[in-house]
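# Survey of secondary and tertiary structure
Residue strings, one per chain:
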Amino acid sequence: MSALTTTSDGFLLHGEPFRIVSGAMHYFRVHPDQWADRLRKARLMGLNTVETYVPWNAHQPDPDGELVLDGILDLPRYLDLARQEGLHVLLRPGPFICAEWDGGGLPGWLTSDPDIALRSSDPRFTAAIDRYLDLLLPPLLPHMAARGGAVIAVQVENEYGAYGNDTAYLKHLEQGFRSRGVEELLFTCDQVDQEHLTAGSLPGVLTTGTFGGKVDAALAELRTHRPEGPLMCAEFWVGWFDHWGGPHHTRSAADAAADLDRLLSAGASVNIYMFHGGTNFGFHNGANHHHTYEPTVTSYDYDAPLTESGDPGPKYHAFREVIARHVPVPDEPVPAPAPKLAPLTVELDHRAPLLPHAATLAAPLRTENPAMMDELGLASGYALYRAVLPTAGQGLLHFAGGVGDRAQVFLDGAPVGVLERERHDETLPVHVPRAGATLDVLVENMGGVNYGPRIGTPKGLLGPVTFNGTGVHGWDCHPLALDDLTAVPFAPSVAATAFEPAFHRGAFEVTEPADTFLALPGWTKGQAWINGFHLGRYWNRGPQHTLYVPGPVLRVGGNELILLELHATTDTRARLTDTPDLGPVNP
């Protein structure tokens, strides 16, 4: 039996009146050694509930493999920590989550099949979901409130009304949860537009809305759609995410707090999106593609009450004051900012060029024409394509179909140009120095589209290549997942030949590990790892100019920093600083 039930205008939890005051915190964006700290800070702000998505693609990277439930993906542990802290949980398992997450959480092995109708009652799609739920739900059932756990409600899909109107699909999901033992309250969430609410709702399933302002009008729309039942904003947007090359988004604490007060004063329940945003570690950031392709930055700070590094910000204090007017807030002091590592400089004194050593990292697949990344079994990372040009001279390299998402082109190791999906690049003028010159094309997957009809858009070289109209054939395609760098053949750096993709390595000492931020002035674009932990992508295009380094990644004594720099560097050093730089803050 569900622990959380509804009345004509609110909720009951175990039969007692209950207001959901929740905040979003995605376990997969927070180092697991920091989960307990962040959950405690959620409770101290006055939250009684936390919300999290569940990323299908991270938990089931292989359609025939076991479910991944360890490390940063140990969802049962996260749910247990929430229960120990006295917090309830809203669980949002999708299967589609958006979340500015790679592919919106849908696995690449599924979205790469063009014949499958995503997010529909297509039997091939629902069969894949059924296999996933068969693996996911058994280890989660002990954490449902009906069995004494933290989970009080489970979401069906995510903002589906903005995508489609396949009610049979939503019913399949509802029945899928119920038939596998989920007794808790089910809910949908959609933008507060009558068309979206109608298309994304189900009879007998609670309808909730998503919005960041115009609170009175949004709640009125929600009440028009469902004359009775609790009013709830399942995503109250208090900040926003950033794209590379775009602005850093902020929202004033006073403005967001005033709207939160309006919500709670109307008797509504709320889930603050985000309470703590965290980080798109590794290659997990998503992208939007409306008019142009726009990849999301590594930080998911979201201008949330709790910063990316877990410190209370202005919204934390303002929201705590608002929440205290409506529900009890713990009579405990607000947590102080966490200690930060003292600034230090790291000398990157070892180096290994990428192009000559690609075969060391990944054996090539030989193809007549370039294979797309999914054909190489590559869900993220880079692909290096290598072929021989039989003729010399001036001419045009043409890439039929363009690139996904960004390609660096080299002739005999020398850079000759960059192609980008966002610019719809397909042609590059070049001078081929000799017959038999080696053509290398290094393609970067900048993040899978996470929203709308372009989910599953392919990556890599997206068609044949010609030089002056003649086909270039016989390609060695190297899938560079970069999930293991132990084979990189580092050697002491000599003079910086800084115009080729290369790995750079440096060592540094730490006496007492603490949070820090990696700053890379003089570096251009690439990836960063500390002690094997993949911090994510950096790019001097901004707005983000530092990468968050969780304290638990560091160790007492010797530590290792590795950068993959794709372009040029004017420095051989990196800096660890105590201050983040996510871009200029709006006045």
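This text goes with the structure placed above it.
My aim in this report is to walk through the structure given alongside it, one point at a time. (Residues numbered from 1 in each chain as written. Predicted model: local features only at pLDDT ≥ 70, side-chain atom pairs only at ≥ 80, totals over all residues. Heavy atoms only, no water.)

## Quick notes on the overall build of the protein chain
What counts is decided by this rule: Labels follow the DSSP assignment, with helices taken as runs of H or I lasting at least four residues and strands as runs of E lasting at least two, numbered in each case from the N terminus. What the globule rule says is 2.2 Å times the number of residues to the power 0.38, and the radius of gyration is computed from C-alpha atoms. Whether a residue is buried, partly exposed or exposed follows from its accessible area with a 1.4 Å probe, protein chains only, as a fraction of its type maximum: under 20%, in between, or over 50%, in that order. Between two residues, a contact is recorded if the distance between any of their heavy atoms is within 4.5 Å.
Across its full length, the protein chain carries 11 helices and 34 strands. Computed over the C-alpha atoms, the radius of gyration of the protein chain is 25 Å, within 12% of the 25 Å expected from 2.2 N^0.38 for a compact globule of 587 residues. With respect to the three principal axes, the spread of C-alpha positions in the protein chain is 80 × 55 × 45 Å. The proportion of buried residues among the 587 residues of the protein chain is 59%. For the protein chain, the share of sequence-separated contacts (at least 6 apart) that also reach a separation of at least 24 residues comes to 79%.

## So, helix α6 (residues 167-179)
In plain terms, the rule: How far a helix is expected to stretch is found by multiplying one less than its residue total by 1.5 Å. The reported arc concerns the directions from the helix axis to the C-beta atoms and nothing else.
Here α6 contains 13 residues, and its C-alpha end-to-end distance of 18 Å stays within 8% of the 18 Å for a straight helix at 1.5 Å per residue. For α6, the complete set of buried residues consists of Tyr169, Leu170, Leu173, Gly176 and Phe177. Down the axis of α6, the smallest arc covering the buried residues is 120 degrees, so these residues share one side. In α6, the exposed positions angled more than 90 degrees off the buried face are occupied by Gln175 and Ser179. Contacts from the buried residues of α6 go to α5 (123-140), β7 (151-155), β8 (185-191) and α7 (194-200). Following α6 by one or two positions, glycine 181 adopts a phi angle in the positive range, close to 100 degrees.

## Quick look at the pairing of strand β17 (residues 393-399)
Here is the key point about a regular strand: its side chains alternate between the two faces of the sheet. Our working definition: Following DSSP output, two strands are said to pair if at least two bridges run between them.
The pairing of β17 with strand β21 (residues 427-432) spans six bridges and is antiparallel. Counterpart to glycine 395 in the pairing with β21 is valine 430.

## Comments concerning the side chain of aspartate 102
For clarity, the threshold we go by: Only four residue types enter the tally: Lys and Arg on the positive side, Asp and Glu on the negative side, with His and both chain ends excluded. Definition used for salt bridges: Asp or Glu carboxyl oxygen within 4 Å of a side-chain nitrogen of Lys or Arg. In the analysis that follows, any N or O atom pair within 3.5 Å is treated as a polar contact, provided that within protein one partner can donate a hydrogen and the other can accept it, and provided that, for residues neighboring in sequence, both atoms belong to side chains.
Position of aspartate 102 relative to the elements: it lies in the loop between β6 (88-92) and α4 (108-111). Here aspartate 102 occupies a buried position and makes no salt bridge, while the nearest side chain of opposite charge, lysine 459, is found at 6.1 Å. A distance of 2.6 Å separates the side chain of aspartate 102 from the backbone nitrogen of glycine 448, its partner in a polar contact. Among all residues touching aspartate 102, those that are not within four sequence positions of it are Asn57, Phe283, His284, Asn285, Gly286, Ala379, Gly447 and Gly448.

## Notes on the sheet that holds strand β9 (residues 206-211)
To keep things clear, this is the line we draw: Between N-to-C directions, angles span 0 to 180 degrees; the directions come from axes that are lines fitted to C-alpha atoms, helices contributing only their stretch in contact.
Taken together, the eight strands give a closed barrel; going around it, the order is β4-β5-β6-β7-β8-β9-β10-β11, and neighbouring strands pair in parallel fashion. Each adjacent strand pair in this sheet contributes to an overall mean axis angle of 30 degrees, direction not counted. Relative to strand β10 (residues 232-237), β9 runs parallel, the two sharing three bridges. Within β10, the residue paired with threonine 210 across the bridge is glutamate 235. Lying on the sheet, helix α8 (residues 215-225) is in contact with β9 and β10; it crosses β9 at an angle near 155 degrees.

## Describing the packing of helix α9 (residues 253-265) against helix α10 (residues 314-324)
Spelled out, the test is: Each angle receives one of four descriptions, namely roughly parallel if under 35 degrees, roughly antiparallel if over 145, roughly perpendicular if within 65 to 115, and oblique otherwise. Two helices cross in a left-handed way if the nearer one is turned anticlockwise from the farther one by less than a right angle. They cross in a right-handed way if the turn is clockwise. Residue polarity follows a fixed list, in which Ala, Val, Leu, Ile, Met, Phe, Trp, Tyr, Cys and Pro are nonpolar, Asp, Glu, Lys and Arg are charged, and the others, Gly among them, are polar.
Contact geometry of α9 with α10 gives a least axis separation of 9 Å together with a crossing angle of 25 degrees. For the element pair α9 / α10, the angle class is roughly parallel. You can see that α9 and α10 cross each other, and the crossing is right-handed. Facing α9, whose interface residues are Ala253, Ala256, Ala257, Leu260, Asp261 and Leu264, α10 presents Pro314, Lys315, Ala318, Phe319, Val322 and Ile323. Its residues assigned to classes, the contact of α9 with α10 comprises 10 nonpolar, no polar and two charged.

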